[in-house]
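# Secondary and tertiary structure notes
This is what each chain is made of:
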Amino acid sequence: MKDYGRVKSTVKPKEMEIDAYSVWLNSDIHEISVAYDGIASAEYEFNQKQYTKDEYIALVDERNRNLENKLTDTQLALCDVYEMIGG
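These remarks concern the structure in this document. The written sequence of each chain sets the order in which its residues are numbered from 1. pLDDT decides what is reported in this predicted model: residues at 70 or higher carry local features, side-chain atom pairs at 80 or more are listed and counted, and totals for whole chains, interfaces and linings draw on all residues regardless. Heavy atoms throughout the structure, all of them, feed into the side-chain values; hydrogens and water do not.

What follows covers unusual backbone geometry. At D28, a residue that is not glycine, the phi angle is positive and equals roughly 55 degrees. Mapped onto the elements, D28 comes out in strand β3 (residues 22-36). Relative accessibility thresholds used throughout: buried, under 20% of the residue-type maximum; exposed, over 50%; partly exposed, between the two (1.4 Å probe, protein chains only). Given a relative accessible area of 44%, D28 falls into the partly exposed group. For D37, which is not glycine, the phi dihedral falls at a positive 50 degrees. Only DSSP runs of H or I covering at least 4 residues are called helices, and only runs of E covering at least 2 are called strands; the numbering of each starts at the N terminus. Within the secondary structure, D37 sits in the loop between β3 and β4 (39-52).

Any Lys or Arg side-chain nitrogen found within 4 Å of a carboxyl oxygen on Asp or Glu counts as a salt bridge. In total, this model carries three salt bridges according to the counting rule given. Two residues, D28 and R6, come together in a salt bridge whose shortest N-O distance is 3.5 Å. On the criterion of sequence distance, the pair formed by D28 in strand β3 and R6 in strand β1 (residues 2-9) is long-range, its members being 22 residues apart. By relative accessible area, R6 is classed as partly exposed at 35%. The partner of D61 in a salt bridge is R65, with the nearest N and O atoms 2.5 Å apart. Here the residue D61 and the residue R65 both occupy positions in helix α1 (residues 53-84), the gap between them amounting to four residues, near one helical turn. Connected through shared salt-bridge partners, R6, D28 and E45 make up one network.

Structure (C-alpha cells):
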C-alpha cells in the first residue's frame, strides 16, 4: 500500500478507482476554491491510498472475517438475552 497523503486535483475523484493493476481509495474529499492570476477555480483536496489488487483483496477478506466474528458474537449475546427473559 502506498499512502500519498493529502493530494489535489482539478477533477473530482471517485471514492474508489480500479485500474488494471491497482485499487485507488480517495477519502475526505473537499472542494476548495483557488485563484490563479485573479481567476477563481474549483479544485479538490483529498487523501489518497493505492493498493495492489492482491493487497486490496486481502484487506477486504480481513474486514469480512472481522465482521463475521462480530456477527457471531452478537448472535450469541442475543441468544443469552432471549434465555434470560424466559424464552
